[in-house]
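# Examination of the molecular architecture
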Amino acid sequence: MSRPPPVPQFVLRGCGAPVNTLHFSCRDPGRPLLFSGSANGCVQVWSLTTRRAERVMEGHTGASVLWLQTLGSPHVLVSQGRDMHVCLWDLSEGRSEVTDSLLTGSVGFCQGSLLDLHTGHWLLALPGADTTEVQPAHAQGATR
């Protein structure tokens, strides 16, 4: 027999659409964050201290957000959407802008993955246009 689900410590509301992906970022000890990606293409940045959304960002033209990952710091975020794009976000100093975008060609539900090779260098693995392909690529220089 399975156990009942744990009792939540608190509930975060306000996404406006079903949540597809979550990512914690606790690299800044005084400012723990939770990023959520929704079916409406929005990315929410939640403060776990105040338990409120700090900002809502739109970067996937209304297409579902499938995957979120911070890149070296809580100020650089990678998001993948069903619009076939992986977006690089600049969140430093209150900004919420997409600074770069990569077309994947994949509209499936496979999430990308990042491997931190060393400071400022990552290996990014993404699904290809052909659903049987994986396309690894080097990424660098996106830290702040």
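Refer to the preceding data block for the structure.
So, here is what we can say about the structure in this document. Only a predicted model underlies this, so the values are computations on that prediction, with no experimental measurement involved. (Residues numbered from 1 in each chain as written. Predicted model: local features only at pLDDT ≥ 70, side-chain atom pairs only at ≥ 80, totals over all residues. Heavy atoms only, no water.)

Another point: the nonpolar core. In this structure, Leu33, Phe35, Val43, Val45, Met57, Val65, Leu68, Leu77, Cys87, Trp89 and Leu91 together form the largest nonpolar core, which totals eleven residues. Within the residue set of this core, elements represented by two or more residues are β2 (33-38), β3 (42-47), β5 (65-70) and β7 (85-90). When near neighbours in sequence (up to four residues on either side) are disregarded, Phe35 contacts Thr21, Leu22, His23, Ser25, Gln44, Val45, Leu68, Thr70, Pro74, Leu77 and Leu91. Grouped together as the second largest cluster of nonpolar side chains are eight residues, Trp67, Leu71, Val76 and Trp122 included. (Core = buried A, V, L, I, M, F, W, Y, C linked by side-chain atoms within 4.5 Å. Buried < 20%, exposed > 50% of the residue type's maximum accessible area, 1.4 Å probe, protein only. Helix = DSSP H or I, 4+ residues; strand = E, 2+ residues; numbered from the N terminus. Contact = heavy atoms within 4.5 Å.)

Take the sheet that holds β5 next. Reading across the sheet, the four strands line up as β5-β6-β7-β8 and stay open at both edges, with antiparallel pairing between neighbours. Each having just a single partner strand, β5 and β8 (97-103) make up the two edges of the open sheet. Adjacent strand axes in the sheet meet at a mean angle of 20°, parallel and antiparallel pairs treated alike. Here six bridges tie β7 to β8, and the two strands are oriented antiparallel to one another. The residue bridging Asp90 from the neighbouring strand is Glu97, located in β8. (Pairing = 2+ DSSP bridges. Axes fitted to C-alpha atoms, helices over the stretch in contact; angles between N-to-C directions.)

Keep in mind these numbers describe shape, not what the thing actually does.
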